[in-house]
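A structural walkthrough
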Amino acid sequence: MASSLTKDPASTSGSEKTFFGHPRGLATLFMTEMWERFSYYGMRALLPLYLIAPNGLHMNPATATAIYSVYVSLVYLLAMPGGWFGDRVWGPRKTVAVAGAVIMIGHLALALPLQGTFFAGLGLVAIGSGLLKSNISTMVGHLYDGPDDPRRDGGFTIFYMGINTGAFAAPLIIGTVGESVNWHLGFALAALGMGLGLAQFLMGTRHLNERSLVVPKPLSAAERASTLRKGLIWLAVAAVFYIITVVTGVYTLNWLLVPITVAGLVIPVVVLARIKRDKELSATEQSKMSGYIWFFVAAAIFWMIYDQGGSTVAIFAKTSADNSVFGWNFPVSWYQSVNPVLIMALAPLFAAFWLALNRRGKEPSTIVKFSSGLVLVGASFFLFLMPLTIATDGHKAAAMWLVAIYFVQTVAELTLSPVGLSVTTKMAPAKYASQMMGVWFLAVTAGDCITGLLSIAGVELNGTGVVTLEAILAVTAGVAVFMYRGKVKQLMGDVR
């Protein structure tokens with residue numbers, strides 16, 4: 001990247017530098033997020049392929065999909081306790097530094113050619129990603145003078161470009177090395193990426209706002225002791241349970257996968273129920289939460305299908321697609337670069353399109369955008385039926401079918417995901433304002449856990465029958481949200 005550090009024209013001293021006109025600390029956080037996403041998406045692109053490869057772990061596709069789904073769901077599930085650590089224990093800056101180290105160690109564990117260290121590495125990367133996810137976004141907000149700072153939205157836009165830059169480059173580099181040279185060397189490159197991100201974060205912390213060092217709501221001595229005691233008790237219970245299953249010879253991978261997937265479905269329900277039943281909420285807040293549950297359930301269905309682009313569709317590409325363009329073969333992991341490059345290309349167009357419609361008073365409502373995203377993600381799986389049908393009797397489906405699926409899913413994401421983030425902040429009760437973004441991430445957890453449970457049950461997710469049912473489910477959910485838009489709008493109150 002060319003240097004973009006220029007003198008701030010608004011600086012009174014004339015010596016302060018900016019990053020595209022934004023605080024210098026944004027460059028530090030941009031690069032940290034870019035390298036973290038580089039490591040995460042590079043490893044994620046390799047994961048299902050390594051799990052099914054004869055020279056990898058040689059698992060069946062159902063087990064590989066289950067592991068992939070559980071891993072992705074854990075990353076989003078752990079975002080809530082990650083945010084809690086930043087708020088109550090370490091503060092955002094220390095939490096991100098620790099998270100980077102944990103992620104790097106996790107990738108190094110993946111690079112070792114041992115099954116035990118591989119699964120330990122997955123766990124460490126998930127924990128580190130959960131710790132980093134919420135806190136680094138918080139630090140971006142710290143760089144600006146409150147929510148009314150006119151540069152704030154632009155700053156977050158630049159920051160999220162870092163996500164997609166890393167996500168785009170990762171499969172092309174890590175994926176190529178992992179598939180073509182050595183799986184574990186690919187995982188080692190992911191560790192190197194996170195190491196670079198951590199190093200530049202530590203060197204650039206002087207440019208961050210001092211608020212990132214502060215623990216906003218530190219635990220009291222009694223709370224700290226109680227939390228530690230409860231944590232150790234649960235850890236001991238889990239350790240004893242799994243030791244017994246191993247010693248008695250009954251342990252299988254499902255003893256680990258099933259509890260996580262069940263927890264990923266139960267925890268979102270418990271969290272939403274706890275907020276909904278809080279008697280301190282006003283009648284208006286209660287109504288908004290009732291409306292939000294519609295969006296949450298619909299989002300879970302959306303992510304259930306969308307995230308299969310990295311598992312079900314990727315495994316199909318490996319086994320049944322002609323992964324070539326004009327006779328030139330490319331690694332299967334490269335498909336995972338299609339979405340981020342489309343995001344970078346289409347996001348500005350979508351933003352301009354919504355703005356143009358808004359000026360004419362014709363911009364679709366939040367509900368209409370949300371329902372459109374669901375219908376589109378369902379349409380992507382109807383489209384998936386074409387290559388599934390073609391890939392019979394030894395035939396291979398053309399690569400462009402899969403590119404078309406990722407294109408439709410990207411358009412669906414741009415229609416639904418930003419709206420979901422926005423409506424989450426707008427409908428959040430004041431008491432839970434800082435927690436509701438974690439609640440939104442739980443919709444991703446729930447969706448991936450449904451996929452995980454289906455895979456554990458042995459359901460063939462790349463079968464035409466199941467793909468058709470999932471497509472119908474998403475389209476039906478989208479139509480239902482649209483048909484009941486009057487009721488949902490009433491529950492939303494003044495939120496539009």
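Quick look at the structure, then. The model shown is predicted, which means the values in this text are computed figures rather than measured ones.

Conventions and cut-offs
- Residues numbered from 1 in each chain as written.
- Predicted model: local features only at pLDDT ≥ 70, side-chain atom pairs only at ≥ 80, totals over all residues.
- Heavy atoms only, no water.
- Helix = DSSP H or I, 4+ residues; strand = E, 2+ residues; numbered from the N terminus.
- Contact = heavy atoms within 4.5 Å.
- Areas by Shrake-Rupley, 256 points an atom, 1.4 Å probe, with all protein chains shown as cover.
- Lys, Arg positive; Asp, Glu negative; His and termini not counted.
- Charge placed at Lys NZ, Arg CZ, Asp CG, Glu CD.
- Phe/Tyr/Trp six-rings, centres within 6.5 Å; stacked < 30°, edge-to-face > 60°.
- Buried < 20%, exposed > 50% of the residue type's maximum accessible area, 1.4 Å probe, protein only.
- Lys NZ or Arg CZ within 6 Å of the ring centre and 35° of its normal.
- Axes fitted to C-alpha atoms, helices over the stretch in contact; angles between N-to-C directions.
- Parallel < 35°, antiparallel > 145°, perpendicular 65-115°, else oblique.
- Left-handed = near helix turned anticlockwise from the far one by under 90°.
- 1 Å grid on protein atoms, 1.4 Å probe; cavity = no way out; pocket = protein on both sides within 12 Å on 5 of 7 lines; lining within 4 Å.
- Points joined across faces, edges and corners; volume = space filled by probe spheres on them.
- Nonpolar A, V, L, I, M, F, W, Y, C, P; charged D, E, K, R; others polar.

Topic: the overall build of the protein chain
Counting its regular elements, the protein chain contains 17 helices and seven strands. A principal-axis box enclosing the C-alpha atoms of the protein chain has dimensions of 70 × 55 × 50 Å. Considering only contacts in the protein chain between residues 6 or more positions apart, those separated by 24 or more positions represent 79%. Counting only carbon and sulfur atoms, one obtains 67% of the accessible surface of the protein chain, whose full area is about 22200 Å². Distance between charge centres in the protein chain, computed from 34 positive and 24 negative side chains, equals 5 Å.

Observations regarding the packing of aromatic side chains
All told, the structure shown has 30 aromatic pairs when counted by the stated rule. Note on Tyr76 and Phe441: the rings are 5.7 Å apart at their centroids and 55° apart in plane angle, and the pair reads as tilted. With Tyr76 in helix 2 (residues 61–77) and Phe441 in helix 15 (residues 436–456), this pair connects stretches of sequence that are 365 residues apart. You'll find Tyr76 and Phe441 in the same group, each marked buried. Pairing Tyr242 with Tyr251 gives two aromatic rings, centres 6.3 Å apart and planes at 75°, and the pair type is edge-to-face. Assessed through its relative accessible area of 24%, Tyr242 is described here as partly exposed. Taking relative accessible area as the criterion, Tyr251 reaches 33% and is therefore assigned partly exposed. Each member of the aromatic cluster is reached from another via a ring pair, and the members are Tyr50, Phe118, Phe119, Trp183 and Phe187. Positioned above the aromatic ring of Phe441, the side-chain terminus of Lys133 is 5.5 Å from the ring centre. Looking at Lys369, its charged tip hangs above the ring of Trp354, at a distance of 4.4 Å from the centre.

Quick word on the packing of helix 1 (residues 25–52) against helix 5 (residues 115–142)
One can describe the packing of helix 1 onto helix 5 by two numbers: an axis separation of 11 Å at closest approach and a directional angle of 150°. By the criterion of interaxial angle, the relationship of helix 1 to helix 5 is roughly antiparallel. Between helix 1 and helix 5 the crossing geometry is left-handed. Facing Leu26, Leu29, Thr32, Glu33, Glu36, Arg37, Tyr40, Met43, Leu47, Tyr50 and Leu51 of helix 1, the residues of helix 5 in contact are Phe118, Leu122, Val125, Ser129, Leu132, Lys133, Ile136, Met139 and Val140.

Side note on the layout of surface pockets
The computed volume of the second largest pocket comes to approximately 1600 Å³. Along its surface, the second largest pocket is lined by 34 residues, and Leu78, Pro81, Phe85, Gly231 and Trp234 are the ones closest to its centre. Broken down by secondary-structure element, the contributors of at least two residues to the lining of the second largest pocket are helix 2, helix 3 (79–88), helix 5, helix 8 (221–247) and helix 9 (254–276). Classifying every residue of the lining of the second largest pocket gives 28 nonpolar, four polar and two charged.

Here's the deal with the environment of Ala398
Inspection of the secondary structure puts Ala398 in strand 7 (residues 397–398). Taking the C-alpha atoms as reference points, Ala398 and Ala317, separated by 81 residues in sequence, lie 9.4 Å from one another.

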